[in-house]
Every structure is written in C-alpha cells, then in structure tokens.
Amino acid sequence: MRVVARYDLFFIVSYALLIPLVGVLILWLSGRTVVLPLLLLLEALYLMLALRKPWQRRLGLRTSFPGAWREFLLSRSVYFRGLDQDGRMQFEHDVRLFLVDVRISGIGGRSLSWPIRLLIAAGAAAMLHGRPDWEPPLVDGVTVYPGMSFDRNYQVKKGNIAGQAPPRGPMLLAEGSLLQGFADAEDGFNVLIHELAHFFDREARKDGLKLRLRSGTVAWAEAISLEWQRHDHGTSLLSAYAAQNEAEFFAVASEMFFENPRPLHDAHPELFEILREFYQQDPRQVLEKNFKGN
Ligand SMILES: [Zn+2]
C-alpha cells in the first residue's frame, strides 16, 4: 500500500490543475475578477478533501511500530515470520495503513481488542504484499461477531456462518473462527483470507484485471472461470465447498495458497500460476523460510 495510491495521485493532480484552468477560462470570457477569490477557495477546499486520506495515513506512520505488536505478529503470523527485514518493514507499513483506513469494530460499533484488529490487518497485509498499488477493498469496514459463528439472521453464536463478504456492506467475521484460522497456519482454512478473497475478486472483475499467464494474457474473470470448470473437484486438494461456483473456488484456493502453497502447487500447477499472477507473489518463498530457521 502507498500513502497515496498512484491511481488517486493521477486524479488529485489532474483536478488540482483543472480547477485553475477552468477559472482562468471563466475570467477570460467574463472579465470579472470576482472569480479569483472563489477559485482560490474552491482549490483550497478540493485539496483539503483530496489530501485528507494521505494526510491521515502520513500521521499513522509517524509513530514507531509497537514492540508488542511485532512480538504478537512473530508468534501468530507465519507469513510475517518468514519475511526478511525489508519484507517485515513493508508488512508493518501496510498493517498501519490498513488500521488507519479500515474501520474494524464489533456489533453496534463496539471497540475490539488490538490483537483482533492486528490479526485482521496482518491477513490483509499478507494478501497485499505483492500488490503495493492495490488498496484494501473494504470501504464499509469489518464487523466482528462474538463466538465461532452466526446464523442467517445474524444471531450470534448460532448457525454455522464463520464469515461473509456482502457486496454492499462490511466484511463479517466470527471472532472465534478468525482466531482459529490463524491458530493452525497450515491447514488451509482461514476465514479472513476466504472472505477478503471475495472482495479482491469483485474488485478485479470490476477493474477488468488481466493476468499474464504462460498461455497468454487473459482476463481475470475468464481465467478463474475456465480453471473452475476444468478442475477435478472429486480428487482436488481443495474442500468440496470450492465446487459451488467460481467465486467460492477462488476463495477456497486463496486459503490454501497462503497457508499451504507447496501441496497446492504440486497438485494443481495451473491454478497455482493463476493465483501467483493474481496476488503477484509466491508464498512458498516466504513460508518455507520458517522451516529453514530464518
Ligand atoms: Zn465464500
């Protein structure tokens, strides 16, 4: 993540230049100098609004990364543990920007403990690690429910829903399932990665993301759809849930990609290539350092 995303920077600079240009044109056509102070006011208002988010991010980076957070990440995130020094600095930077940007709360806006918020930010930072130009696609934030699950009526500690990724609304997570996802880092089950993958998937479809595969350049939506159709779900390493549709296939595969990438690569190399191109990283290179004592 960048303090100012390149896409945002382009528009900020373009509009900041456009406002005086339009003002000069009005002045030239009307000959009325009264437009000048109005123009200055408009430019100042625009810059205040446009630079609010980068300013908040910059403020969020001012303080040093808390030692207790680093210790927590080392004990709970195998991904963070496997990174080299530069990688860890980028990860910590992304965690802080995520926490500045994304509202994470309990039901009814209740505040949550820092370890819960940190775990959510850490999962997002791992998924964004190869994509510094991407932003977390969570404009409506994250709502965490108590217990292991909730039901279809959003009754807590009932039903069997561990998380949800509604197209309009916050990402929903059950706290117990979130913790469980990080407790066993190699089982290929992580509700945070699963739900966040749904948000990334929708963004990629909306933006018309293209993947550069060995077979050629292909649209993201087409690549994952074809892979889902030709995947042998009967003998797959992925859970049966992946057979439901291409969106669930990608979300389930993302869990395995970030938690247990080696078996996924060996069993399904084409799927692995698609995920590697999507996330622009190969988690094998990070996770396997844990076993080499680095
Ligand atoms: Zn799902």
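Residues numbered from 1 in each chain as written. Predicted model: local features only at pLDDT ≥ 70, side-chain atom pairs only at ≥ 80, totals over all residues. Heavy atoms only, no water.

### Digging into the packing of helix α7 (residues 114–128) against helix α8 (residues 175–183)
A pair of packed helices is captured by two measures, namely the crossing angle of their axes and the spacing between those axes. Using the following cut-off: Think of each axis as a best-fit line through the C-alpha atoms, taken over the contacting stretch in the case of a helix, with angles from 0 to 180 degrees between the N-to-C directions. Where helices and strands are cited, they refer to DSSP runs of H or I of at least four residues and of E of at least two residues respectively, numbered from the N terminus. Oblique is the label for every angle not falling under 35 degrees (roughly parallel), over 145 degrees (roughly antiparallel), or within 65 to 115 degrees (roughly perpendicular). In this scheme, a crossing is called left-handed if the near helix is turned counterclockwise away from the far one by less than a right angle; it is called right-handed if the turn is clockwise. We call two residues contacting when some pair of their heavy atoms lies within 4.5 Å. For this classification, the nonpolar set comprises Ala, Val, Leu, Ile, Met, Phe, Trp, Tyr, Cys and Pro, the charged set comprises Asp, Glu, Lys and Arg, and every other residue, Gly included, is treated as polar.
Taken N-terminus to C-terminus, the directions of α7 and α8 make an angle of 55 degrees; their axes are 11 Å apart at the nearest point. Taken together, the axes of α7 and α8 are oblique relative to one another. Remark: the crossing between α7 and α8 carries left-handed chirality. Contacts between α7 and α8 involve Ile 116, Leu 119, Ile 120 and Gly 123 from the former and Glu 175, Leu 178, Leu 179 and Phe 182 from the latter. Of the residues that constitute the contact of α7 with α8, the class distribution is six nonpolar, one polar and one charged.

### Describing the domain arrangement of the chain
As a reminder, the rule being used: What marks off one domain from the next here is an automatic or database domain assignment. Take the accessible area each of two parts loses on contact, using a 1.4 Å probe, and add the two losses: that sum is the buried area. The definition of a polar contact used here is a pair of N or O atoms within 3.5 Å, where within protein one atom must be able to donate a hydrogen and the other to accept one, and adjacent residues in sequence count solely through side-chain atom pairs.
Once the domains are mapped, the chain shows domain 1 (6–60) and domain 2 (67–292). Every contact between the two is made by five residues of domain 1 and, on the other side, six residues of domain 2. Taking both sides of the interface into account, the surface hidden between domain 1 and domain 2 amounts to around 550 Å²; carbon and sulfur atoms contribute 45%. Looking at the side of domain 1 facing domain 2, the largest losses of area belong to Arg 6, Arg 57 and Gly 60, adding up to 80% of the total buried there. At the boundary of domain 1 and domain 2, one finds two residue pairs in polar contact (both at pLDDT 80 or more). Examining the composition of the side of domain 1 that touches domain 2, we find that four residues originate from one element, helix α3 (residues 52–60), more than from any other. Looking at the side of domain 1 that touches domain 2 residue by residue, the classes come out as no nonpolar, two polar and three charged.

### Some words on the coordination of the zinc ion
The following threshold applies: Here a donor is any nitrogen, oxygen or sulfur atom (N, O, S) within 2.8 Å of the metal, with 3.2 Å used for Na, K and Ca; water is not among the atoms considered, so some sites may look incomplete. Angular criteria define each label, namely tetrahedral for four donors with all angles between 85 and 135 degrees, square planar for four and octahedral for six donors with opposite donors over 155 degrees apart and remaining angles between 65 and 115, and irregular for whatever fails these tests. Burial classes: relative accessible area under 20% of the type maximum marks a residue as buried, over 50% as exposed, and values in between as partly exposed (1.4 Å probe, protein chains only).
The zinc ion binds to the protein through His 194 (NE2), His 198 (NE2), Glu 248 (OE) and Glu 248 (OE), with metal-donor distances spanning 2.1 to 2.7 Å. Around the zinc ion sit four donor atoms, and with donor-metal-donor angles ranging over 53 to 145 degrees the site reads as irregular. Considered as a linear motif, the donors of the zinc ion on their single chain read H-x3-H-x49-E. With His 194 in helix α9 (residues 191–207) and Glu 248 in helix α11 (residues 246–259), this pair connects stretches of sequence that are 54 residues apart. A single burial state applies to His 194 and to Glu 248, both of which are buried.

### With respect to helix α4 (residues 67–76)
To keep things clear, this is the line we draw: Summarising the geometry, the arc corresponds to the directions from the helix axis toward the C-beta atoms.
Among the residues making up α4, those that are buried are Trp 69, Phe 72 and Leu 73. Down the axis of α4, the smallest arc covering the buried residues is 100 degrees, so these residues share one side.

### Observations concerning the pairing of strand β5 (residues 210–213)
Rules: Here a strand pair is declared whenever DSSP counts at least two bridges between the two strands.
Alternating positions in β5 separate cleanly, Leu 211 and Leu 213 being buried on one face and Lys 210 and Arg 212 remaining unburied on the opposite face. Two elements, β5 and strand β6 (residues 216–219), share four bridges in a ladder whose sense is antiparallel. Counted as the bridge partner of Leu 211 is Val 218 from β6. Where β5 hands over to β6, the hairpin turn is made up of two residues, counted between the paired strands.

### Thoughts on helix α2 (residues 35–50)
Put simply, the rule reads: Residue count minus one, scaled by 1.5 Å, sets the expected span of a helix.
Over its 16 residues, α2 extends 22 Å from the first C-alpha to the last, a length consistent with the 22 Å expected when each residue adds 1.5 Å. By the burial criterion, the buried members of α2 are Val 35, Leu 39, Glu 43 and Ala 50. Buried residues in α2, looked at end-on, bunch into an arc of 75 degrees, giving them a common side. Turned more than 90 degrees from where α2 packs its buried face, Leu 38, Leu 40, Leu 41, Met 48 and Leu 49 sit exposed. For α2, the elements touching its buried residues are α1 (6–30) and α3.

### Regarding the packing of helix α10 (residues 220–230) against helix α13 (residues 269–279)
Between α10 and α13, whose axes approach to 10 Å, the crossing angle comes to 160 degrees. Taken together, the axes of α10 and α13 lie roughly antiparallel to each other. Of the two elements, α10 crosses α13, and the hand of that crossing is left-handed. Across the interface between the two elements, Trp 220, Ala 223, Ile 224, Glu 227 and Arg 230 from α10 touch Glu 270, Leu 271, Ile 274 and Phe 278 from α13.

### Regarding the packing of aromatic side chains
Threshold: Note on aromatic pairs: the rings of Phe, Tyr and Trp (six-membered ring only in Trp) are paired at centre separations within 6.5 Å, and the planes decide the class, stacked below 30 degrees, edge-to-face beyond 60, tilted for the rest. Any Lys NZ or Arg CZ that is within 6 Å of a ring centre and within 35 degrees of that ring's normal is treated as a charge sitting over the ring.
Enumeration according to the criterion identifies 23 aromatic pairs in this entry. Centroid distance Tyr 145 to Phe 150: 4.6 Å. Interplanar angle 25 degrees. Geometry classified as stacked. By relative accessible area, which is 10% here, Tyr 145 ends up buried. Look at Trp 220 and Phe 278: their rings are 4.3 Å apart centre to centre, the planes differ by 45 degrees, and that puts the pair in the tilted class. Linking Trp 220 in helix α10 with Phe 278 in helix α13, this pair joins segments that are 58 residues apart in sequence. Pair check on accessibility: Trp 220 and Phe 278 agree, each one buried. Cluster of aromatic residues (ring-pair linked, three or more members): Trp 134, Phe 200, Trp 220, Phe 250, Phe 257, Phe 258, Phe 272, Phe 278 and Tyr 279. The cationic tip of Arg 88 hangs over the ring face of Phe 80; the distance from NZ or CZ to the ring centre is 5.4 Å. Arg 202 extends its terminal NZ or CZ atom over the ring of Phe 199, reaching a point 5.0 Å from the ring centre.

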